[in-house]
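Residue strings, one per chain:
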Amino acid sequence: MSILEHLGLALVALIANGFSALAGGGAGLLQLPALIFLGLPYPVALATHKIATVALGAGAGLRHVKESTFSPARLGVILGAGVPGVLLGAWLVLEIPPRAGEIALGLLTVTLGWYSWRRPQLGQTRRITSDSLNHALIGAAGLFVIGILNGSLASGTGLMVTLWLVRWYGMSYTEAVGYTMVLVGLVWNGAGALMLGTFGTVQWDWLPALLLGSFIGGYLGATLAIRYGNRLVKRAFEVVTVLTGIALLLPVP
């Protein structure tokens, strides 16, 4: 690729990951189709995209860590429940065609945006939730299932984690996005990227531009989320969920 094409890749990554850091997910809405359009087969594009999004988590996480106080217990639950699912999902994507799952995930993602839009006060303030064992087990099970989808599919699962943290754990949107960017963007995607990079095929020479754009975009998007708060993040979440769901429903070229 020429220098101009690498700059184009970096710009796509910056825009895609900037919106993702603001909305709490959805980097694959623009970045993955761009990689496919530029000629990468779907499995190669997915593996390359997954590795690039680790820089999104690093950039956004760096910004959120400066502003947020994360609960060690909550961090442990999200990691402990999600990472095994991510590894399982990354293994499954190498064994089975993912198209049926993408259609189902697309329909679900559109529903998430509609659900949030219909509840104007959702995620605007923190809520107290149950501390019962049953509540904790259901929360962990939900994160495990989303982890499987994160490891095996292209986009939308970060958005699912964001809404799950808001709805089940009572977080505000801005708080939930912080957890999503640090743990999903960095750790979950890192685990999936390790699996895909080891057993799949990656377009390694495209990664420097994608990593740079992803890191800068993640940092800038997180800055906007922190500065303008829950209402902007909620609206961004609703727009990106619907667009991501539609993109997942469209056939992959």
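That block above? That's the structure.
Positions within a chain are numbered from 1, following the residues in the order the chain's sequence is written. Only residues with pLDDT of at least 70 are given local features in this predicted model, and only at 80 or more are side-chain atom pairs given and counted; all residues enter the totals for whole chains, interfaces and linings. Hydrogens and water are ignored here; the side-chain numbers use all heavy atoms of the structure.

Caption draft 1: Examining the overall build of the protein more closely. Segments assigned H or I by DSSP are reported as helices when at least four residues long, segments assigned E as strands when at least two residues long, and all are numbered from the N terminus. Secondary structure summary: the protein contains nine helices and zero strands in total. When the helices and strands of the protein are read in sequence order from the N terminus, they spell out α-α-α-α-α-α-α-α-α. On C-alpha atoms alone, the protein measures out to a radius of gyration of 17 Å, which is about the 18 Å that the 2.2 N^0.38 rule sets for 253 residues. Here the C-alpha coordinates of the protein stretch approximately 50 × 40 × 30 Å along the principal axes. Each of the 253 residues in the protein was classed as buried or not, and the buried ones make up 53%. By definition in these notes, contact holds between two residues if any of their heavy atoms fall within 4.5 Å. Relative to all contacts within the protein whose residues are 6 or more apart in sequence, the contacts with residues 24 or more apart total 84%. Working note: accessible area of the protein is about 11,200 Å², and carbon and sulfur atoms make up 73% of it. When charges are counted, Lys and Arg contribute as positive and Asp and Glu as negative, whereas His and the chain ends are disregarded. Lysine's charge is taken at NZ, arginine's at CZ, aspartate's at CG and glutamate's at CD. Taken together, the 14 basic and 8 acidic charged side chains of the protein have centroids lying 14 Å from each other. Throughout, the radius of gyration refers to the C-alpha atoms, and the reference size of a globule is 2.2 Å times the residue count to the power 0.38. Burial here depends on accessible area, computed with a 1.4 Å probe over protein chains only, as a share of the maximum for the residue type. Under 20% is buried, over 50% is exposed, and the range in between is partly exposed. Per-residue and other accessible areas follow the Shrake-Rupley method at a 1.4 Å probe size, with only the shown protein chains counted as cover for residues.

Caption draft 2: Layout of the pattern of salt bridges. Salt bridge, as used here: a side-chain nitrogen of Lys or Arg that lies within 4 Å of a carboxyl oxygen of Asp or Glu. Counted according to the given criterion, the structure contains three salt bridges. One salt bridge in this structure joins Glu 175 and Arg 126, with 3.2 Å as the shortest N-O distance. On the criterion of sequence distance, the pair formed by Glu 175 in helix H8 (residues 173-199) and Arg 126 in the loop between helix H5 (99-117) and helix H6 (133-152) is long-range, its members being 49 residues apart. For Glu 175, a relative accessible area of 18% corresponds to the buried category. Put simply, Glu 238 and Arg 235 hold a salt bridge, and the shortest N to O gap is 2.8 Å. Here the residue Glu 238 and the residue Arg 235 both occupy positions in helix H9 (residues 207-249), the gap between them amounting to three residues, near one helical turn. Note on Glu 238: relative accessible area 6%, which makes it buried. Salt bridges linked by common partners bring Lys 234, Arg 235 and Glu 238 together as one network.

Caption draft 3: Focus on the nonpolar core. Only buried Ala, Val, Leu, Ile, Met, Phe, Trp, Tyr and Cys residues count toward a nonpolar core, and they belong to the same one when joined by side-chain atoms within 4.5 Å. Among the nonpolar cores identified, the biggest contains 39 residues, and Ile 78, Leu 165, Tyr 173, Tyr 179 and Trp 188 are the most heavily contacted of them. Among the elements of the structure, helix H1 (3-23), helix H3 (42-67), helix H4 (72-93), H6, helix H7 (157-169), H8 and H9 are those that each provide at least two residues to this core. In terms of residue count, H8 provides more of this core than any other element does, ten residues in total. In this structure, Leu 35, Leu 40, Val 44 and Leu 210 belong to the second largest nonpolar core, which totals 23 residues.

Caption draft 4: Structural view of a positive patch on the surface. Residues form patches when they are more than 30% accessible in relative terms and have no salt bridge. Like charges link within 9 Å. Nonpolar side chains (Val, Leu, Ile, Met, Phe, Trp, Tyr) link within 5 Å. Together, Arg 118, Arg 119, Arg 127 and Arg 167 make up a positively charged patch on the protein surface. Exposure remark for Arg 119: the relative accessible area of 36% places this residue in the partly exposed category.

Caption draft 5: Structural detail: the side chain of Thr 241. Relative to the elements of secondary structure, Thr 241 occurs in helix H9. A polar side-chain atom of Thr 241 sits 2.9 Å from the main-chain carbonyl oxygen of Phe 237. In the analysis that follows, any N or O atom pair within 3.5 Å is treated as a polar contact, provided that within protein one partner can donate a hydrogen and the other can accept it, and provided that, for residues neighboring in sequence, both atoms belong to side chains. A distance of 2.8 Å separates a polar side-chain atom of Thr 241 from the backbone oxygen of Glu 238.

Caption draft 6: How the structure looks around a nonpolar patch on the surface. On the surface, a cluster of nonpolar side chains totalling about 420 Å² of accessible area is made up of Leu 62, Leu 212, Phe 215, Ile 216 and Leu 220. Note that Leu 212 resides in helix H9.

Caption draft 7: Here's a closer look at the side chain of Ser 214. As for its position among the elements, Ser 214 is in helix H9. We classify Ser 214 as buried; its relative accessible area is 0%. In this structure the side chain of Ser 214 is engaged in a polar contact, spanning 3.3 Å, whose partner is the backbone oxygen of Ala 52. Of note is the side chain of Ser 214, whose polar atom sits 2.7 Å from the backbone oxygen of Leu 210. Residues contacting Ser 214, with those up to four places away along its chain left out, are Ala 13, Leu 14, Asn 17, Gln 31, Ala 52, Ala 55 and Leu 56.

Caption draft 8: Fine view of the environment of Leu 112. Position of Leu 112 relative to the elements: it lies in helix H5. Placed 101 residues apart in sequence, Leu 112 and Leu 11 show a C-alpha to C-alpha distance of 28 Å. When neighbours within four sequence positions are excluded, Leu 112 is seen to be in contact with Met 160, Leu 163 and Phe 237.

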